[in-house]
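Each chain is listed here by its residues.
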Amino acid sequence: MFVGAAQSGAFKVEVETTSNGGHPPEFWAKRCTERLLCVADSAPPVLREQAQAFKDQIEHVVLWHMKRAIQSDRSTVGHLLTEAGQPKLAELVRRV
């Protein structure tokens, strides 16, 4: 995996790549949570710990729903493939 970042003032660009497939749901749940919640380093320790615990819980909830959405989409694609006369391919899609 390649991880890179460039920062100029308030603008920040990050690039992360994978090999042989896309990023897993865990990657996207973490990215989503990072965009939704930020825990300031300057916050008092007790508040920072509470905020981090909340952020971790939100990441878990986002991940759970992302996995359900992926399963639902695969089910839909599998159904469409079956209707198109490709039951073996449909089963492969559902299994992934």
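Residues numbered from 1 in each chain as written. Predicted model: local features only at pLDDT ≥ 70, side-chain atom pairs only at ≥ 80, totals over all residues. Heavy atoms only, no water.

(A) Molecular detail of the side chain of His23. Mapping His23 onto the fold places it in the loop between β2 (11-16) and α1 (25-36). Residue classification places His23 among the buried positions, given a relative accessible area of 19%. Among the polar contacts listed, one links the side chain of His23 to the backbone oxygen of Glu16, at a separation of 3.1 Å. With sequence-adjacent residues up to four places away left out, His23 is seen in contact with Glu16, Thr17, Thr18 and Trp28. (Helix = DSSP H or I, 4+ residues; strand = E, 2+ residues; numbered from the N terminus. Buried < 20%, exposed > 50% of the residue type's maximum accessible area, 1.4 Å probe, protein only. Polar contact = N/O pair within 3.5 Å; in protein donor to acceptor, adjacent residues only side chain to side chain. Contact = heavy atoms within 4.5 Å.)

(B) Focus on the packing of helix α2 (residues 45-83) against helix α3 (residues 87-95). Where α2 meets α3, the closest approach of the two axes is 8 Å, and the angle between their N-to-C directions is 175 degrees. Considered as vectors, α2 and α3 are oriented roughly antiparallel to each other. Seen from α2, the contacting residues are Arg74, Ser75, Val77, Gly78, His79, Leu81 and Thr82; seen from α3, they are Pro87, Leu89, Ala90, Val93 and Arg94. Across the contact of α2 with α3, the residue classes tally to six nonpolar, four polar and two charged. (Axes fitted to C-alpha atoms, helices over the stretch in contact; angles between N-to-C directions. Parallel < 35°, antiparallel > 145°, perpendicular 65-115°, else oblique. Nonpolar A, V, L, I, M, F, W, Y, C, P; charged D, E, K, R; others polar.)

(C) How the structure looks around the packing of aromatic side chains. Tallying each qualifying case throughout the model produces one aromatic pair. Ring centres 4.8 Å apart and planes at 85 degrees place the aromatic pair Phe27 and Trp28 in the edge-to-face group. We classify Phe27 as buried; its relative accessible area is 14%. The exposure class assigned to Trp28 is partly exposed, which follows from its relative accessible area of 42%. (Phe/Tyr/Trp six-rings, centres within 6.5 Å; stacked < 30°, edge-to-face > 60°.)

(D) Representation of α1 in the model. Across its 12 residues, α1 extends 16 Å between first and last C-alpha, which sits within 8% of the 16 Å expected from 1.5 Å per residue. Within the sequence span of α1, burial applies to Pro25, Phe27, Ala29 and Thr33. (Expected span 1.5 Å × (residues − 1).)

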